[in-house]
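Report on the structure
Each chain, written out:
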Amino acid sequence: MATKTFVASEVLTASDTNTYLANSGLVYVKSQTVGSAVSTVAVSNAFNATFDNYLITYTSGTQTVDTNIKMQLGSATTNYYGVMIYSSFLGGSINNASQNNAAQWDFAGGGNSSLSTIHCEVLAPFLSIPTHLSSFIRYSTVYGRNVGYQGDSTSFTAFTVFPSAGTLTGGTITVYGYRKG
Amino acid sequence: MTRPNIQIDDEVREMTEEEYEALLATGWTLEGTDETPTAD
């Protein structure tokens, strides 16, 4: 049963608690506090067989350079594809930036000395099929949405994020899994 | 020259030369340039 409506004075059993609270729709997997002045952050044991699809967030950190944050899966350094559609909050046209067989996804997140963010969904990284990425980007005047594809049929358990330039300090990377059923 | 720091889970340390070369291969720089993407 995917959902249940409790009524007043109903006994809350351990079984129901485990099923409906601990195993809710979006399930916490792990978090990683980012250190000081790090150019690269690798998060291991992020993906496993319990979930197929994941949400990764990074908040409350900062960057020394106003730029994008990149992402790699496991040790894969090729076969990344993507299109980022973006514009400027100053106005102007809608543009795109594409990646064809790149060494990483260039647009997993972004930020500056005030705040850095990552908000991306990663589909099927642990399954031995290609992995998809959906993310939003904000840095400099760039506000965009990105769709990424990694073509290896590899089961990944880890990911690495790193800014295009400079370093990251502070904040927390959190990984959630989408409950399967 | 001091290499930048890498964080692997809770461990933060200076990059090895091999790790630093891999980072540079991605186009990374310490100070950065104008990273505003160029439209295709």
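Residues numbered from 1 in each chain as written. Chains lettered and ligands numbered in written order. Predicted model: local features only at pLDDT ≥ 70, side-chain atom pairs only at ≥ 80, totals over all residues. Heavy atoms only, no water.

Helix and strand counts for chain A come out as one helix and 13 strands. Going from N to C terminus, chain A has its helices and strands arranged as α-β-β-β-β-β-β-β-β-β-β-β-β-β. For chain A, the spread of C-alpha atoms along the principal axes amounts to about 55 × 35 × 35 Å. The burial tally for chain A puts 48% of its 181 residues in the buried class. Within chain A, contacts between residues separated by at least 24 positions form 73% of all contacts whose residues are at least 6 apart in sequence. Measuring between centres, the 7 positive side-chain charges of chain A sit 2 Å from its 7 negative side-chain charges. (Helix = DSSP H or I, 4+ residues; strand = E, 2+ residues; numbered from the N terminus. Buried < 20%, exposed > 50% of the residue type's maximum accessible area, 1.4 Å probe, protein only. Contact = heavy atoms within 4.5 Å. Lys, Arg positive; Asp, Glu negative; His and termini not counted. Charge placed at Lys NZ, Arg CZ, Asp CG, Glu CD.)

For the rest of this paragraph, the subject is the side chain of A:Thr131. Mapped onto the elements of the fold, A:Thr131 is located in strand β9 (residues 131–139). With residues near it in sequence (within four places) discarded, A:Thr131 still touches A:Leu73, A:Trp105, A:Val122, A:Leu123, A:Ala124, A:Pro125, A:Gly148, A:Tyr149, A:Gln150 and A:Phe156.

Time to look at the pairing of strand β8 (residues 116–123) of chain A. All names here are of chain A. Bridge analysis of strand β3 (residues 53–63) against β8 gives seven bridges, and the strand direction is antiparallel. What sits directly across from Gly61, in β8, is Ser116. Here strand β7 (residues 105–111) hands over to β8 after four residues, the two strands then running antiparallel side by side. (Pairing = 2+ DSSP bridges.)

All names here are of chain A. Strand β4 (residues 67–73) sits mainly inside the fold: seven of its seven residues count as buried. The sheet contact formed by β4 and β7 spans four bridges and is antiparallel. Across the sheet, the residue bridging to Asn68 is Gly110, located in β7. Relative to strand β11 (residues 159–163), β4 is paired through five bridges, and the arrangement is antiparallel. Residue pairing across strands places Ile69 opposite Pro163, the latter belonging to β11.

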